[in-house]
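Commentary on secondary and tertiary structure
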Amino acid sequence: MILDLKGIYKDYQQGKMTVPVLKDVDFSMEEGEYVAIMGPSGSGKTTLMNIIGCLDLPTSGSYELAGQDVLQCKDRELADVRLNSIGFVFQSFHLLPRESALENVALPLIYAGVKKPDREKRAAAALDRVGLADRVEFKPTQLSGGQKQRIGIARALALEPKLIICDEAVSALDVSVQAQVLNLLQELKERLGLTYFFISHNLNVVYQVSDRVGVMYLGKMVEIAAYDQLYEKRYHPYTEALLSAIPQVDADDRTERIQLNR
Ligand code: ADP
Ligand code: MG
């Protein structure tokens, strides 16, 4: 198991009010798994992501990441865990507009204290992995949306983490570019043995890529199952509503679709 969360609660303080956001979430992932998380806006997906990504701590519960008890870590250790074990890919890329592709990708390496010559070599290698070896000197404004997200992915990979967290990573891209970025993520996953925690509101995307799908609703993980299982069982009314919006597709068709998108 790469990560294991048990009984996670997260409250936010809103003036004098306590707002419960995550309510008793149990969630774990095996190494190499591709798990997609769905759920309506405000259901707690980003809050859970922040906890998994060691950007925030739960109010209570337990969290083990790669065998380490995250909640026992000091701030400094937590920052180290985050930097070295987890890569983040965001919907809006979060690139520094005035810096080159190479400098953007090198940013986490600066935080990790990697010296300049080594940093540049490793950032260039990460850009090469996402097919942007010929764009190292380009600024984000000189690149397309798909290229910007590939820089985002290269940056996430710069320190060679095993866990990649994607928050709506392809949502800002148009459909054909989405497919390219999804295929790149899949290829990198196979090549580098990555594990993906992938938040998406797009059922088509989730269907194409995930080993399991988690559905969040009002701060709870109301379902977690392989897509096909989820399609058959759909215990929760929200899942029912979500899935009844699309036509049934069988397993053969799914394989075909994935190949078509390669
Ligand atoms: P999602 O990503 O599923 O849209 P979020 O995890 O962003 O949902 O938010 C879940 C709930 O927590 C929302 O009701 C939101 O208003 C609340 N929330 C998120 N962050 C904060 C915060 N820093 N302070 C107070 N409330 C927050
Ligand atoms: Mg969110």
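Note: the structure precedes this text.
Just so we're clear, the structure is a prediction, and the values are computed from it rather than from any experiment. (Residues numbered from 1 in each chain as written. Chains lettered and ligands numbered in written order. Predicted model: local features only at pLDDT ≥ 70, side-chain atom pairs only at ≥ 80, totals over all residues. Heavy atoms only, no water.)

Considerations on the overall build of the chain
The number of helices and strands found in the chain is ten helices and ten strands. For the chain, whose C-alpha radius of gyration is 19 Å, the value lies close to the compact-globule estimate of 18 Å for 262 residues. Each principal axis of the C-alpha atoms in the chain carries an extent, and together these give about 55 × 45 × 35 Å. For the chain, buried positions account for 48% of its 262 residues. Looking at the chain alone, contacts between residues at least 24 apart form 69% of all its contacts between residues at least 6 apart. In the chain, the 30 positive side-chain charges and the 35 negative ones have mean positions that sit 6 Å from each other. (Helix = DSSP H or I, 4+ residues; strand = E, 2+ residues; numbered from the N terminus. Rg over C-alpha atoms; globule rule 2.2 N^0.38 Å. Buried < 20%, exposed > 50% of the residue type's maximum accessible area, 1.4 Å probe, protein only. Contact = heavy atoms within 4.5 Å. Lys, Arg positive; Asp, Glu negative; His and termini not counted. Charge placed at Lys NZ, Arg CZ, Asp CG, Glu CD.)

Focus on the packing of aromatic side chains
By the definition in use, this model includes seven aromatic pairs. Seen from their ring centres, tyrosine 227 and tyrosine 231 are 6.3 Å apart, and the 35° between their planes marks the pair as tilted. In this pair, tyrosine 227 and tyrosine 231 both sit in helix α8 (residues 227-233), four residues apart, roughly one turn of the helix. Residues tyrosine 227 and tyrosine 231 agree in their burial class; the two are buried. Of the aromatic side chains, those joined through ring pairs into one cluster are Tyr34, Tyr196 and Phe198. Seen from the ring of tyrosine 231, arginine 234 lies directly overhead, with NZ or CZ sitting 4.6 Å from the centre. (Phe/Tyr/Trp six-rings, centres within 6.5 Å; stacked < 30°, edge-to-face > 60°. Lys NZ or Arg CZ within 6 Å of the ring centre and 35° of its normal.)

As for the site of ligand 1
The environment of ligand 1 is formed by Tyr12, Gln14, Val21, Pro40, Ser41, Gly42, Ser43, Gly44, Lys45, Thr46 and Thr47. The backbone of serine 43 places a nitrogen or oxygen atom 3.2 Å from an oxygen atom of ligand 1. Within the side chain of threonine 46, a nitrogen or oxygen atom sits 2.8 Å from an oxygen atom of ligand 1. Looking at the shell around ligand 1 residue by residue, the class counts come to three nonpolar, seven polar and one charged. (Near = heavy atom within 4 Å. Polar contact = N/O pair within 3.5 Å; in protein donor to acceptor, adjacent residues only side chain to side chain. Nonpolar A, V, L, I, M, F, W, Y, C, P; charged D, E, K, R; others polar.)

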